[in-house]
Amino acid sequence: QVQLVESGGGTVQAGGSLTLSCASSTNTFSGRTISWYRQAPGKQREMVAIVFGTGVKTYAASVKGRFTISRDNAKNTVGLQMNSLEPGDTAVYYCKLIILANSYWGQGTQVTVSP
């Protein structure tokens with residue numbers, strides 16, 4: 001059973017930075033597509049950043065240039081460095097791992113950005 005655990009959330013002022021981390025319970029990250037999503041209150045969950053098994057990375061337009069996704073296959077972790085945070089970035093952040101036709105989600109970590 002694959003389990004994902006996010007950490008690193010918290011409260012920061014606008015302009016600040018946070019680094020999120022997603023850890024897997026098993027050696028499942030290598031060659032897989034992993035992504036970060038977020039869901040703000042009253043809004044749909046949206047993709048923030050994705051790193052494909054090839055290493056190619058894609059970002060949502062709203063975070064491009066501010067967020068950086070990274071993976072460490074040896075440690076089975078995926079990080080999300082978030083800089084220049086804005087109040088609009090406030091949301092619960094989730095990591096998602098795709099293995100074949102199955103998607104696995106973590107429990108989420110709250111990020112709150114105050115004005």
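Residues numbered from 1 in each chain as written. Predicted model: local features only at pLDDT ≥ 70, side-chain atom pairs only at ≥ 80, totals over all residues. Heavy atoms only, no water.

A. How the structure looks around the overall build of the protein. In terms of helices and strands, the protein carries zero helices and 11 strands. Tracing the protein from N to C terminus, the helices and strands come up as β-β-β-β-β-β-β-β-β-β-β. Looking at the protein as a whole, 42% of its 115 residues qualify as buried. Long-range contacts, defined here as pairs at least 24 residues apart, represent 53% of the contacts in the protein between residues at least 6 apart. When the accessible surface of the protein is summed, it comes to about 5,900 Å², and 50% of that surface belongs to carbon and sulfur atoms. Once the 10 positive and 5 negative side-chain charges of the protein are each reduced to a mean point, those two points are 6 Å apart. (Helix = DSSP H or I, 4+ residues; strand = E, 2+ residues; numbered from the N terminus. Buried < 20%, exposed > 50% of the residue type's maximum accessible area, 1.4 Å probe, protein only. Contact = heavy atoms within 4.5 Å. Areas by Shrake-Rupley, 256 points an atom, 1.4 Å probe, with all protein chains shown as cover. Lys, Arg positive; Asp, Glu negative; His and termini not counted. Charge placed at Lys NZ, Arg CZ, Asp CG, Glu CD.)

B. Here's a closer look at the pattern of salt bridges. Tallied over the full model, the rule gives four salt bridges. For arginine 38, the salt bridge is made with aspartate 89, and the minimal N-O distance between the two is 2.9 Å. Separated by 51 residues along the polypeptide, arginine 38 in strand 4 (residues 33–39) and aspartate 89 in the loop between strand 8 (77–82) and strand 9 (91–99) bring together distant segments of the chain. Judged by relative accessible area, which is 5%, arginine 38 ranks as buried. Between arginine 66 and aspartate 89 there is a salt bridge, and its shortest N-O distance comes to 2.8 Å. Of this pair, arginine 66 sits in the loop between strand 6 (57–59) and strand 7 (67–72) while aspartate 89 sits in the loop between strand 8 and strand 9, and the two are 23 residues apart along the sequence. By relative accessible area, aspartate 89 is classed as buried at 1%. Salt bridges sharing common partners tie together Arg38, Glu46, Arg66, Glu86 and Asp89. (Salt bridge = Lys/Arg side-chain N within 4 Å of Asp/Glu carboxyl O.)

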